[in-house]
Amino acid sequence: MRNDETKKMPVSHLQSVHVVGCGGTGAILADHLARMITGYRLETQLVLHDGDTVEEANITRQNFQPHEVGANKAEALALRLAGQYGMEVIACGQYVKVASERSQFGHSSLVISCTDTLVSRRTVAMDRPSHWLDVGNELHHGQAILGTTHEKRRLQSAWKSWNKYGHVIELPDMAAMNPGILRARKTQTKAGCADQPFAQQGFGVNAMAALAAATLTKQVLVDCEVSFHGIYFNISDGFFTPRLITRDLLAPWKPERKKTNTKTTKKRGM
């Protein structure tokens, strides 16, 4: 089978979807998800996580309203979306932490990280969600990456079984793509941009990031079959490009061949 041949990954029903970070991207994405869950009548719980408070500077760039200033972001957003779409939205008004024993997200869940630090991504990675969708962006470009594991053994197994099944069994998550996430320790706080709300994250980039994440989420929750490993976009160049699932995606985890020592035996003359 050619390495450029594409495959899909089947997904069983997931009981919940967790949005970690309800800022520029997360707050817009949460609206997409609430609309998706009610529109398709999905039996999926929406949970929002954020320990931050809505500020006046957030109103221009993020999906919040003036009367929500001073409220917790997750709680304000959950309350508004629940009323708008007639559904239950659960709010966890605190930052996620590394779970000591059991998973804080649950096994049958999709976790979507919309944060801006490696430390927060490490927290999600350490929880080992069954499906992790990480969303990130810079001033004009960004990406959404969907993965199932960063364990080397499981990714090697996915490489070896490529020709065995008609579908892929694992996808590398963001921690596999960027191992520095697992070594992250200190949180670096970005400077505020109240006077110029689009100085660090350009106009429309958060909406595009949310759209990329929502596109992948629909494949997981509605289609129950994933065709893309990720979506890359650039609002300056005007592209929105999916990364299809090919065997080359798993090439970094191709098992190395064991070296064998060959000994030459000379026959003695009679």
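Now for a quick tour of the structure. (Residues numbered from 1 in each chain as written. Predicted model: local features only at pLDDT ≥ 70, side-chain atom pairs only at ≥ 80, totals over all residues. Heavy atoms only, no water.)

1. Examining the environment of His 150
So, step 1. Note that His 150 resides in the loop between β7 (141–147) and α5 (152–160).
So, step 2. In this structure, the C-alpha to C-alpha distance between His 150 and Ala 125, residues 25 residues apart in sequence, is 8.2 Å.
So, step 3. Apart from residues no more than four positions distant in its own chain, His 150 is found in contact with Ala 125, Arg 128, Leu 155, Asp 173, Ala 175, Ala 176 and Leu 182.
So, step 4. Reaching out from His 150, the side chain makes a polar contact with the side chain of Arg 128 at a distance of 3.4 Å. (Helix = DSSP H or I, 4+ residues; strand = E, 2+ residues; numbered from the N terminus. Contact = heavy atoms within 4.5 Å. Polar contact = N/O pair within 3.5 Å; in protein donor to acceptor, adjacent residues only side chain to side chain.)

2. Points about the pattern of salt bridges
So, step 1. In the structure shown here, the tally under the stated rule is ten salt bridges.
So, step 2. For Arg 121, the salt bridge identified is with Asp 134, shortest N-O distance 2.9 Å. With Arg 121 in helix α4 (residues 118–127) and Asp 134 in strand β6 (residues 131–137), this residue pair connects regions lying 13 residues apart in the sequence.
So, step 3. Where Arg 128 meets Glu 151, a salt bridge forms, and the shortest distance between an N and an O atom there is 3.2 Å. Highlighted residues: Arg 128 in the loop between α4 and β6 and Glu 151 in the loop between β7 and α5, separated in sequence by 23 residues. (Salt bridge = Lys/Arg side-chain N within 4 Å of Asp/Glu carboxyl O.)

3. Some details on the sheet that holds strand β9 (residues 228–234)
So, step 1. Here eight strands make up an open sheet; going across it, the order is β4-β3-β2-β5-β6-β7-β9-β10 and the pairing mixed. Taken across any chain shown, the strands that pair with only one partner, and hence form the sheet edges, are β4 (89–92) and β10 (239–244). Sheet twist, expressed as the average angle between the axes of neighbouring strands with direction ignored, equals 15°.
So, step 2. Alignment of strand β5 (residues 109–113) against β6, held across four bridges, turns out to be parallel. Its bridge partner lying in β6, Ile 112 is registered against Leu 133.
So, step 3. Along the sheet, helix α7 (residues 205–223) makes contact with β5, β6, β7, β9 and β10, crossing β9 at roughly 165°. (Pairing = 2+ DSSP bridges. Axes fitted to C-alpha atoms, helices over the stretch in contact; angles between N-to-C directions.)

4. A look at the packing of aromatic side chains
So, step 1. All told, the structure shown has zero aromatic pairs when counted by the stated rule.
So, step 2. The ring of Trp 162 has Lys 7 sitting right over it, with the charged end atom 4.6 Å from the ring centre.
So, step 3. The ring of Trp 159 has Arg 247 lying over it, and the distance from NZ or CZ to the ring centre is 3.9 Å. (Phe/Tyr/Trp six-rings, centres within 6.5 Å; stacked < 30°, edge-to-face > 60°. Lys NZ or Arg CZ within 6 Å of the ring centre and 35° of its normal.)

5. Focus on helix α3 (residues 73–85)
So, step 1. Taking 1.5 Å of rise per residue, 13 residues should cover 18 Å, and α3 covers 18 Å from first to last C-alpha, within 8% of that figure.
So, step 2. Within α3 the residues assigned to the buried category are Lys 73, Ala 74, Ala 76, Leu 77, Ala 78, Arg 80, Leu 81 and Tyr 85.
So, step 3. Where the residues of α3 are buried, they touch α1 (26–39), β3 (45–49), α2 (58–61) and β4.
So, step 4. Sitting at the head of α3, Asn 72 places a side-chain oxygen 2.9 Å from the backbone nitrogen of Ala 74.
So, step 5. In the stretch just after α3, Gly 86 is the one whose phi turns positive, near 65°. (Expected span 1.5 Å × (residues − 1). Buried < 20%, exposed > 50% of the residue type's maximum accessible area, 1.4 Å probe, protein only.)

6. Let's talk about the environment of Asp 173
So, step 1. Mapped onto the secondary structure, Asp 173 falls in the loop between α5 and α6 (174–177).
So, step 2. Separated by 41 residues in the primary sequence, Asp 173 and Trp 132 place their C-alpha atoms 6.6 Å from one another.
So, step 3. If near-sequence neighbours (up to four positions away) are discounted, Asp 173 is found in contact with Trp 132, Gly 147, Thr 148, Thr 149 and His 150.

7. Thoughts on α4
So, step 1. Burial of α4 is extensive: eight of the ten residues sit out of reach of the surface.
So, step 2. Close packing links the buried residues of α4 with β2 (16–20), β5, β6 and α6.
So, step 3. One or two positions beyond α4, positive phi appears at Arg 128, with a value near 55°.

In short, the description is geometric, and any link to function would need to be established separately.
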